[in-house]
Amino acid sequence: RGGKIFTTRTIRVEGVGPERMARMNAKLKLTATLYRSPRKTTFDPKPSTLRVLNRSSSGSAAVLGQGELDLAGVASIDGVGRTQVRQLKLDPPGKVMHGALPITLQISI
């Protein structure tokens, strides 16, 4: 329960406008308990919120984007991991400021 925070080194953003891109090649690990009844062949839904934060040198953090990922949809019932590549749209929080664009997060699971 509760939020998990993964901190990376400073990541440089390349490009301009909607073509901006930042590449973070890192492994994120999340442990979760998933439930299913014996009659089902899938797990019960397990919603999870992913947020991308920009942490300033003073330590304050601003949410750049957030999106939902159902962990049950990417888990394997038989325990055999199959790599999946997903694109997750992270929307700017609250009121969208002029020029604020959604973030597309590509993850391999």
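Going by the structure above, here's the rest.
Before going into details, it helps to say that this report is about the structure given with it. If you're wondering where the values come from, they're calculated on a predicted model, not measured in any experiment.

Definitions and limits used
Residues numbered from 1 in each chain as written. Predicted model: local features only at pLDDT ≥ 70, side-chain atom pairs only at ≥ 80, totals over all residues. Heavy atoms only, no water. Helix = DSSP H or I, 4+ residues; strand = E, 2+ residues; numbered from the N terminus. Buried < 20%, exposed > 50% of the residue type's maximum accessible area, 1.4 Å probe, protein only. Contact = heavy atoms within 4.5 Å. Areas by Shrake-Rupley, 256 points an atom, 1.4 Å probe, with all protein chains shown as cover. Core = buried A, V, L, I, M, F, W, Y, C linked by side-chain atoms within 4.5 Å. Salt bridge = Lys/Arg side-chain N within 4 Å of Asp/Glu carboxyl O. Patch = residues over 30% accessible without salt bridge, like charges linked within 9 Å, V, L, I, M, F, W, Y side chains within 5 Å.

**Description of the overall build of the protein**
Helix and strand counts for the protein come out as zero helices and four strands. Overall, the protein shows an N-to-C arrangement of helices and strands of β-β-β-β. The buried share of the protein, reckoned over its 109 residues, is 11%. The contacts of the protein with a sequence gap of at least 6 include a subset with a gap of at least 24, amounting to 34%. Surface accessibility of the protein: about 9,400 Å² in total, with carbon and sulfur atoms responsible for 52%.

**Notes on the nonpolar core**
Membership of the largest hydrophobic core is limited to six residues, which are Leu69, Leu71, Val74, Leu88, Leu90 and Ile107. Sequence-distant contacts of Leu88, defined by excluding residues within four places in its chain, comprise Leu50, Glu68, Leu69, Ile103, Thr104 and Leu105.

**A closer look at the pattern of salt bridges**
Within this structure, the stated rule accounts for three salt bridges. One salt bridge in this structure joins Glu14 and Arg12, with 3.3 Å as the shortest N-O distance. Residues Lys40 and Asp44 are paired through a salt bridge, measuring 2.7 Å at the closest nitrogen-oxygen approach. We classify Asp44 as partly exposed; its relative accessible area is 27%.

**Points about a nonpolar patch on the surface**
Together, Phe6, Met24 and Leu28 make up an exposed nonpolar region whose accessible area comes to about 300 Å². On the basis of relative accessibility, which here comes to 52%, the residue Leu28 falls in the exposed class.

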